[in-house]
Amino acid sequence: MSKDAANRLICRIGGAVQGVGFRPFVYRLATELGIRGRVSNSTAGVDVEAEAGRRTLDEFLKRLRADAPPAARILSFEFSFHQPAGFQDFRIDPSEDGGEKTAMPMADIATCPQCLSEIHDPATRRFAYPFTNCTQCGPRFTIMTDIPYDRPNTSMRAYDLCPACAAEYENPRDRRFHAQPLACPACGPRLSYCSRSGEPIDCPDVLGRAAEDIRSGAVVALKGLGGFHVMADARNLAALARLRQQKPREYKPFALMFPDMEAVKLHCFVDGLEELLLTGPEAPIVLLKKRPGSGLPDIIAPGNPLLGCMLPYTPLHVLLLERLGGPVVATSGNLADEPICIDEHEALSRLPFADFFLLHDRPIVRHADDSVARVVDAQVMMLRRARGYAPRSLPAGRSLPRVLATGGDLKNVIAISRHDDIVMSQHIGDLEAAEAFDAFQRVIADFRKLFSWTPAVVAADMHPGYFSSRFARDVAQQEGIALLEVQHHHAHMAACMFENGLEGDVLAVTWDGTGYGTDGTIWGGEFLAGSYKSFKRVAHLHPFTLAGADAAVREGRRSALGVLLEAGAPQSPLDEMFSPDELSGMRSMIATGFNTARTTSAGRLFDAVSAIAGICRSSTCEGQAAMMLEFAARGELGEPYPFELYEQDGVRVLDWRPAVAAMLAGRDACLISRRFHATLVEMIRSAARSAGMPRVVLSGGVFQNALLLARTRRALLQDGFEVYTHQWIPTNDGGIALGQILVAAHRQAG
Ligand code: ZN
Ligand code: ZN
Ligand code: FE
């Protein structure tokens, strides 16, 4: 077996899978397929490890869910692929006493097949009822007000059970025995419809009316599970154009919701793993490759070969999508990077571009955006962990101090550690938006209350200006506890090590847009050697100067200016990007150092190359220029450009200046992108070789780039390195809080 085969599957199945013959079922299935490994009970359900050829593992994975014993209730399903551990046979491990069990709030679960068939069966009392659920599905985290998870501790407390529902609730043999959000048309929540001004619209068939309005081009705001969606017909160009203009969002892709799997397959290519994700209990948005001639307007995701697709995950969505009979854009109900809106009064004021509001009277207790995942190189890549995944506990396998980690300011997520696990919050957003910073504070207060938890230590990013760091400083001061500042890329590294169960020393390639460095400059093209406890910066990209440090995040041409000046390039490419006045202003900024920053950011280097190649010179959202550059390569590498490796004060510096000089010779965007990606792969390879450490972890937002990730992994494996990447923890700043916890915990341990 070649060393690169990630032929060990780890599958963590949560839910009521104990005591229903699940482990013998796994054993029989594994034996039938000739798989080696083990199955054991965990506190949350069952853990499976399986080794075989990759095709066999894919088949095994599919059947684990499809053929599970009828009494098994699979409430969560996470799988990842790793290097083989060398199992000789398949065994059922004896149950360990899971130790102290702590009450753990559960994530929301997509509608189960039995509830689906009930809402479609006119003979049942829940026919066409949008709030149908049972113990296997339905809202959890988004309706819970306290622990334990009992009806009085949910936003269903206001609804008294009717006799029929009460009988189900009390019958141990019923599927709805102790189903806390249980409801029916006689006693449960109801839909309503209103105009933009909040004026109720009386209609007997709310869903029919909403579907009709959407079909005729209206934008409808829908109160869903973890917040509001804004919906428009995905085939109606005029409605979409209006939505783009009003939201306002020029480039950032809109997500789509399809009535069913067949409809998804009509418009996108879907492989086995992607289908497992889409149809799983977590039901995330999955980025899928668009079929040529899919017929969906490009404005949904301009210039993007991928479409973010999801399936309806509540009966409300199911019933509405059935009425529509085709895909809708279902984008989160917010402006730009604010958190998703959860309350109707707020929605009416924050979503003024919606023509109608489809509402219900079950309060949403806390926000949970749709999660976003992608399959890259036959592995899951989680981009946003929120609905369905939060607040899932991550077992640490050791005792940890109580750390509150406040994360970073972009794609913020917070995390806490309890005795032997870590809990990550749902995605919060970019904290510069006041609403997002409010949500950040709310989530922290919420976690403290929900888990009856107080921190012993606070961990924060080293960035002195981050809102999340200032907040952490205040908490530490007010509560008289220690504050540990964790370098941004060290946190990325620790998150990736944790996800892969690594201890000891590794080389971490941490590439992203922005992270405050220990020398006060902006890092982002880093090679760190070390452990959870400490690191040494062993190599980095050659730095350049950004004019108008913050503006440069959105304006790729500013990065290009810094890069071209640093490379001593001729004047002509700059004249294309700037007016003479702009250029002289920026030149003087760089000359005087006023409002500039030195950076080794790989993300900004991507922006620069994207601008030089004429692909994107200013963006409307972070990462746009880099994404467009990635797409321009159309999945292939070219001949690497020349580059150099020099040493400065014992640190290796990867010098891209020769590459930029060579790039200016030809201006074909596709070729530049292919050659640039190849250059980066070679740079990483040469830095890894000179660091000489056998284990390499790849982390940071730049590795959301599928081409770079897949090709770097391949190159490093070929060179004999063990390569570790993210699967279920975001490689972007959504993973920072998790990393902060580990670094802080190891430092506390002394
Ligand atoms: Zn159900
Ligand atoms: Zn009822
Ligand atoms: Fe980062």
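Residues numbered from 1 in each chain as written. Chains lettered and ligands numbered in written order. Predicted model: local features only at pLDDT ≥ 70, side-chain atom pairs only at ≥ 80, totals over all residues. Heavy atoms only, no water.

Engineer: Looking at this structure, I do not really get the coordination of the iron ion (ligand 3). What am I missing?
Structural biologist: Metal coordination angles have textbook ideals: 109.5 degrees for a tetrahedral set of four donors and 90 or 180 degrees for an octahedral set of six. Surrounding the iron ion (ligand 3) are the protein donor atoms His-488 (NE2), His-492 (NE2), Asp-512 (OD) and Asp-733 (OD), at 2.1 to 2.2 Å. Every donor counted, the 4 donor atoms about the iron ion (ligand 3) form angles of 89 to 173 degrees at the centre, which fits irregular coordination. Positions of the donor residues of the iron ion (ligand 3), expressed as sequence spacing, correspond to H-x3-H-x19-D-x220-D. Of this pair, His-492 sits in helix α13 (residues 488-499) while Asp-512 sits in strand β23 (residues 506-516), and the two are 20 residues apart along the sequence. By the burial criterion, His-492 is buried, and Asp-512 matches it. (Donors = N, O, S within 2.8 Å, 3.2 Å for Na, K, Ca; no water. Tetrahedral: all angles 85-135°; square planar, octahedral: opposite > 155°, others 65-115°. Helix = DSSP H or I, 4+ residues; strand = E, 2+ residues; numbered from the N terminus. Buried < 20%, exposed > 50% of the residue type's maximum accessible area, 1.4 Å probe, protein only.)

Engineer: What is the right way to read the pairing of strand β21 (residues 457-461) from this model?
Structural biologist: Regular strands have side chains that alternate between both faces of the sheet. Counting buried residues in β21 gives 5 out of 5 residues, a clear majority hidden from the surface. Across 3 bridges, strand β18 (residues 403-405) lies against β21 in parallel orientation. When the bridges of β21 are listed, Leu-404 appears paired with Val-458. Pairing of β21 with strand β22 (residues 482-486), which is carried by 5 bridges, proceeds in the parallel orientation. Across the sheet, the residue bridging to Ala-459 is Leu-484, located in β22. Following the chain from β21 across helix α12 (residues 467-479) to the adjacent parallel β22, one finds a crossover that is right-handed. (Pairing = 2+ DSSP bridges. Right-handed = clockwise from strand over helix to strand, strands pointing away.)

Engineer: Can you walk me through the pattern of salt bridges in this structure?
Structural biologist: Oppositely charged side chains can pair when the atoms bearing their charge come close. Applying the stated criterion to the full structure yields 47 salt bridges. A salt bridge links Glu-168 to Arg-176, with the nearest nitrogen and oxygen atoms 3.9 Å apart. An identical accessibility class is assigned to Glu-168 and Arg-176; each is buried. A salt bridge links Glu-275 to Lys-265; the shortest N-O distance between them is 3.0 Å. Of this pair, Glu-275 sits in helix α8 (residues 272-278) while Lys-265 sits in helix α7 (residues 261-267), and the two are 10 residues apart along the sequence. (Salt bridge = Lys/Arg side-chain N within 4 Å of Asp/Glu carboxyl O.)

Engineer: Explanation requested: the side chain of Arg-374 in the structure shown.
Structural biologist: Following the sequence through the fold, Arg-374 ends up in strand β15 (residues 372-376). For the buried Arg-374, no salt bridge exists, and the shortest N-O distance to an oppositely charged side chain is 4.2 Å, to Glu-630. Among all residues touching Arg-374, those that are not within four sequence positions of it are Leu-287, Leu-306, Gln-379, Val-380, Met-381, Leu-383, Glu-630, Gln-704 and Ala-706. (Lys, Arg positive; Asp, Glu negative; His and termini not counted. Contact = heavy atoms within 4.5 Å.)

Engineer: Teacher, can you tell me more about the sheet that holds strand β19 (residues 415-417) here?
Structural biologist: Strand pairing in a sheet relies on backbone hydrogen bonds. The paired strands run either parallel or antiparallel. Taking strand neighbours across the sheet as the criterion, the 6 strands line up as β17-β20-β19-β18-β21-β22 in an open arrangement whose pairing is mixed. Two strands lie at the open edges of the sheet, namely β17 (393-395) and β22, each paired on one side alone. When strand polarity is set aside, the average angle formed by the axes of neighbouring strands in this sheet is 20 degrees. The strands touched by α12 within the sheet are β21 and β22, with β21 carrying the most contacts at an inclination of about 160 degrees. (Axes fitted to C-alpha atoms, helices over the stretch in contact; angles between N-to-C directions.)

So yeah, pure geometry; function would need other evidence.
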